[in-house]
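# Observations on the three-dimensional arrangement
What follows is the residue order along each chain.
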Amino acid sequence: MAITQLLIHAPTVDSLKRAQNNARNLLKLESDAQVEIVVNGPAAAVAVTLTDEDILSRLVICRNSLQAQGLTAQAEVKQVDAVVQYLAHQQAKGWSYIRA
């Protein structure tokens, strides 16, 4: 069976909480799954306060959202110029998408 590659989009504070739970639940069932929590909008303000290393290693944060809100992401967190572009490119590569 192919390895699951999943993008969990979290644009709001509540969706970021759900996304973290979704990622943990999937990884309990499929420890080799590739899961990214893709954050933009209001969720960015909470994402920059997270400390869970497993979650931080899966975060992808929008630079546009960070700049618009005057935020700085943790050093280990992946940043992309625009989440909309990143989501489109990853889906074109075969990744699945859900919105939390």
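Residues numbered from 1 in each chain as written. Predicted model: local features only at pLDDT ≥ 70, side-chain atom pairs only at ≥ 80, totals over all residues. Heavy atoms only, no water.

Side-chain direction in a regular strand flips from residue to residue, so the side chains alternate between the two faces of the sheet. Most of strand β2 (residues 34-39) sits out of view: five of its six residues are buried. Alignment of strand β1 (residues 5-10) against β2, held across six bridges, turns out to be parallel. Counted as the bridge partner of Q5 is Q34 from β2. What joins β1 to β2 is helix α1 (residues 13-29), and the crossover it makes is right-handed. Note that β2 and strand β3 (residues 59-62) share three bridges and pair parallel. Bridged to V38 within β3 is V60. (Buried < 20%, exposed > 50% of the residue type's maximum accessible area, 1.4 Å probe, protein only. Helix = DSSP H or I, 4+ residues; strand = E, 2+ residues; numbered from the N terminus. Pairing = 2+ DSSP bridges. Right-handed = clockwise from strand over helix to strand, strands pointing away.)

A few words on the nonpolar core. Ranked by size, the top nonpolar core spans 25 residues in total, and within it I8, L16, V35, I37, V39, L59 and I61 carry the most contacts. Mapped onto this core, the elements with two or more residues apiece are β1, α1, β2, α2 (43-47), α3 (53-56) and β3. The biggest single contributor to this core is α1, with five residues. Formed by nine residues, the second largest nonpolar core is a distinct cluster that contains V38, V60, Y86 and W95. (Core = buried A, V, L, I, M, F, W, Y, C linked by side-chain atoms within 4.5 Å.)

Take helix α5 (residues 83-92) next. For α5, the full list of buried residues reads V83, Y86, L87 and Q90. Viewed end-on, α5 has its buried residues packed into an arc of 100°, placing them on one side of the element. Turned more than 90 degrees away from the buried face of α5, the exposed residues are V84 and A92. Elements in contact with the buried residues of α5: β1, β2, β3, β4 (78-80) and β5 (96-99). Directly after α5, the chain includes G94, whose backbone phi takes a positive value near 105°. (Arc of directions from axis to C-beta. Contact = heavy atoms within 4.5 Å.)

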